[in-house]
Amino acid sequence: MKKRIWILLVLVLVVLLWAAWYFKPVGTVEGPEWDILHVNGVTYISERSAGIDIPYNRSDRGNHIGVIKSGDYTFHIYEVKGDPDRNYLYWAWEWEGEMYVREDIVAAMKGQDG
């Protein structure tokens, strides 16, 4: 009986540790339509707001980084497969999702256009 209790306690601890890692906050979101993400000290702009074409799409969603909370909403942040420098991120909320690009890349790309 004691062995079962220990096994159950270990399983509960493992689940709690996993949940703490999976749901760790990694930044903030701002803007009227959540246009700007601040993740681990880096600012990202939504593809829609940046007005540029991003070479990735939602099928390139990679590993889960963490979450960003805004009021009652929780957004999941993912790496993008094929982008080891984290120049792009994928943001997901329920069934919706959007690509984000680093602010400095947006500025450089818009500077080339002008």
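Structure: above.
Now for a quick tour of the structure. (Residues numbered from 1 in each chain as written. Predicted model: local features only at pLDDT ≥ 70, side-chain atom pairs only at ≥ 80, totals over all residues. Heavy atoms only, no water.)

**Digging into the pattern of salt bridges**
1) Next: Scanning all chains against the criterion turns up five salt bridges.
2) Next: A salt bridge links Glu-98 to Arg-48, with the shortest nitrogen-to-oxygen separation between them at 3.0 Å. Of this pair, Glu-98 sits in strand β7 (residues 96-102) while Arg-48 sits in helix α2 (residues 47-50); the two residues are 50 residues apart in sequence, bridging distant segments of the chain.
3) Next: Notably, a salt bridge pairs Arg-86 with Glu-79, separated by 2.8 Å at the nearest N-O pair.
4) Next: Residue Arg-86 is classed as partly exposed on the basis of its relative accessible area, which comes to 28%.
5) Next: Residue Glu-79 is classed as partly exposed on the basis of its relative accessible area, which comes to 23%.
6) Next: Here the residues in one salt-bridge network are Glu-33, Asp-35, Arg-48 and Glu-98, joined through shared partners. (Salt bridge = Lys/Arg side-chain N within 4 Å of Asp/Glu carboxyl O. Helix = DSSP H or I, 4+ residues; strand = E, 2+ residues; numbered from the N terminus. Buried < 20%, exposed > 50% of the residue type's maximum accessible area, 1.4 Å probe, protein only.)

**Remarks on the nonpolar core**
Within soluble globular proteins, side chains that are nonpolar tend to cluster in buried spots.
1) Next: Counting residues in hydrophobic clusters, the biggest one holds 15 residues, and the most contacted among them are Ala-50, Ile-54, Tyr-56, Tyr-88, Met-99, Val-101 and Val-106.
2) Next: Those elements that place two or more of their residues in this core are β5 (73-80), β6 (88-93), β7 and α3 (103-113).
3) Next: Ranked by residues supplied to this core, first place goes to β6 with three residues.
4) Next: Apart from the residues within four sequence positions on either side, Val-101 is in contact with Thr-43, Tyr-44, Ile-45, Ala-50, Ile-52, Ile-54, Asn-87, Tyr-88 and Val-106. (Core = buried A, V, L, I, M, F, W, Y, C linked by side-chain atoms within 4.5 Å. Contact = heavy atoms within 4.5 Å.)

**So, a nonpolar patch on the surface**
1) Next: Residues Met-1, Ile-5, Trp-6 and Leu-9 make up a contiguous nonpolar surface patch of roughly 520 Å² in combined accessible area.
2) Next: Following the sequence through the fold, Trp-6 ends up in helix α1 (residues 2-22).
3) Next: Using a relative accessible area of 59% as the deciding quantity, one classes Trp-6 as exposed. (Patch = residues over 30% accessible without salt bridge, like charges linked within 9 Å, V, L, I, M, F, W, Y side chains within 5 Å. Areas by Shrake-Rupley, 256 points an atom, 1.4 Å probe, with all protein chains shown as cover.)

**Some remarks on the pairing of strand β3 (residues 42-46)**
On a regular strand, each side chain points to the face opposite its neighbour's, so the side chains alternate between the two faces of the sheet.
1) Next: Burial runs high along β3: four of the five residues are buried.
2) Next: Bridge analysis of strand β2 (residues 36-39) against β3 gives four bridges, and the strand direction is antiparallel. Counted as the bridge partner of His-38 is Thr-43 from β3.
3) Next: Joining the antiparallel neighbours β2 and β3 is a turn of two residues, in which Asn-40 adopts a positive phi near 50°.
4) Next: In terms of strand pairing, β3 meets β7 through three bridges, oriented antiparallel. The residue bridging Ile-45 from the neighbouring strand is Val-101, located in β7. (Pairing = 2+ DSSP bridges.)

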